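Residue-level structure breakdown
One-letter residues, chain by chain:
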Amino acid sequence: MQLSIIILNYNVRYFLEQCVLSVQESITAIDAEIIVVDNNSSDDSVLMMKEKFPKVKLIENKENFGFPKGNNIGFRQANGKYICILNPDTVVAEDTFLKILAFAEKQNNPGIIGCKLIDGTGEFLLESKRGIPTPWVAFTKIFSLYKIFPKAQLFNQYYAQHLNQDETGKVEILVGAFMFLESKLYEDLNGFDEDCFMYADDIDLSYRALLLGKANFYFHETTVLHYKGESTIKDEQYMKRFQESMNFFYQKHFKKSWFFSLFIKIGTFLFSFAKMFQGKPKENPLPESYFLCSENENFAKKLASILENKVGFLEFKEEKMVNSCLILKGKKAEIILDNHYISFKKCIEIIETLKDKKVTFKIFPKKTGFIIGSNSRNDRGQIIKIE
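In short, a report on the structure. Predicted, not measured: the structure shown is a model, and the values here were computed from it.

Thoughts on the overall build of the chain
- Along its length, the chain carries 13 helices and 15 strands.
- The buried share of the chain, reckoned over its 387 residues, is 55%.
- In the chain, the proportion of contacts linking residues at least 24 apart, taken out of those at least 6 apart, comes to 75%.
- For the chain, the exposed area adds up to about 18200 Å²; of that, 52% sits on carbon and sulfur atoms.

Dropping the structure here:
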């Protein structure tokens, strides 16, 4: 078998369904398997998997074991030469794994391969490629020095800014939302370190691959949609998690750093102080208008009734559809992409191409009864049931 895709799920039933659908579309020409590990979700994720994807290998954990252990459990059931650790809140293109496999096969000593990730608004996710977070590099990240001095190598190592987002090349650290590697390497590394519940696990695995003399790569020729979720909100809890993850990493691989301990405390205080004056986060305003990209005009009428708003219809024919969508840039509108007629790859391309602060996106995944998307990387997204 060429490939095993391991998806660790916890309470994201609708995102998981869309993710598995997209993965199925992407492995039709590959000898591959999908392994879903559920970390004791309280929603109906498990029931959905059994009803809609009975042929997918499903592992039901009886408690939430965290990210490292959950993925390690999935790996023990994997049969592929390669594995891909994949978040359930992702959407892959139909040719994602074909491209990654071809790239991996050309490398002499591949470590972990990551790809270009965008959020639900089409914005590039900087964590797609990163450097080793030494105390100094972590300092530049916490205090956003990489934003202030984007062209200064001294300050731009955390997000590997030596490499353009549209350029494939070697990087040090990759993100756990999408990690592609040989099963033998994962085994040689003993998988994720289970002493780390979450947050530093991908840094640790990437770094240990480097210690084995492997070359990690950022591969830009395929784009994967990654709905971010609440874990990225920059508040006191985020700072605490960042501190814990960095402490784990430093204690394991480096000498204890008084420098890091000092500045992380200062950073936590400054974040907490600033938070006092921010108030509650602003809610995303509803779109002024909705537009459906589809061939099914009757579905537009059904959506109008559900959304209690007029839904414009954009012709499916690719050139006309893209041109029509471009007209919407700058307007407070939501574009709904019908996956029954538009491939996942084209959905991702449209979201990335038309990214605009005022335009939001939803996907109507084929064979489902909901539309799904995210208007901000700081929330868990929106699901609208249509059946």
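Observations concerning the nonpolar core
- Ranked by internal contacts, the top residues of the largest apolar core, which has 64 residues, are Ile-5, Ile-7, Val-23, Phe-97, Phe-178 and Phe-180.
- Among the elements that make up this core, the one with the highest residue count is helix α1 (residues 13-26) (6 residues).
- If we ignore the near neighbours within four places in the chain, the residues touching Ile-7 are Leu-16, Cys-19, Val-20, Val-23, Ile-34, Ile-35, Val-36, Val-37, Leu-86, Asn-87 and Pro-88.

As for helix α2 (residues 45-52)
- Residues Ser-45, Val-46, Met-48 and Met-49 constitute the buried set of α2. Looking straight down α2, one finds its buried side chains confined to an arc of 160 degrees; they lie on one side.
- Residues of α2 that are buried in the fold lie against β1 (3-9), α1, β2 (32-38) and β3 (57-60).

Some details on the packing of aromatic side chains
- What the rule picks out here adds up to 15 aromatic pairs.
- Between Tyr-158 and Tyr-159 the ring centres are 4.8 Å apart and the planes differ by 85 degrees, which places this aromatic pair in the edge-to-face class. You'll find Tyr-158 and Tyr-159 in the same group, each marked buried.
- Ring centres of Tyr-186 and Phe-192 lie 5.9 Å apart, and the angle between their planes is 80 degrees; this geometry places the pair in the edge-to-face category.
- A cation over a ring is seen here: Arg-13 above Tyr-14, with NZ or CZ 4.2 Å from the ring centre.

Thresholds, definitions, all that
Position numbers for residues count from 1 along each chain, tracking the sequence in the order it is written. Per-residue local features are limited, in this predicted model, to residues with pLDDT of at least 70; the limit for side-chain atom pairs, both in listing and counting, is 80 or more; totals at the level of whole chains, interfaces and linings are taken over all residues. Hydrogens are left out, water is left out, and the side-chain values use all remaining heavy atoms of the structure. Per the convention used, a helix needs a DSSP run of H or I reaching at least four residues, while a strand needs a run of E reaching at least two, with both numbered from the N terminus. Buried residues are those whose accessible area, probed at 1.4 Å on protein chains only, stays under 20% of the maximum for their type, while exposed residues exceed 50% and partly exposed ones sit between those limits. Contact definition: two residues touch when any of their heavy atoms are within 4.5 Å. Each accessible area value is a Shrake-Rupley result obtained with a 1.4 Å probe; residue values ignore everything except the protein chains displayed when judging cover. Put simply, a nonpolar core is a bunch of buried Ala, Val, Leu, Ile, Met, Phe, Trp, Tyr and Cys residues held in one set by side-chain atoms that sit within 4.5 Å of each other. To be clear, the arc concerns the directions from the helix axis to the C-beta atoms. Stacked, tilted and edge-to-face are the three classes applied to pairs of Phe, Tyr and Trp rings, where Trp contributes its six-membered ring and a pair requires centres within 6.5 Å; stacked means planes under 30 degrees apart, edge-to-face means over 60, and tilted covers the rest. Placement of a positive charge over a ring is assigned whenever Lys NZ or Arg CZ falls within 6 Å of the ring centre and within 35 degrees of the normal to the ring plane.

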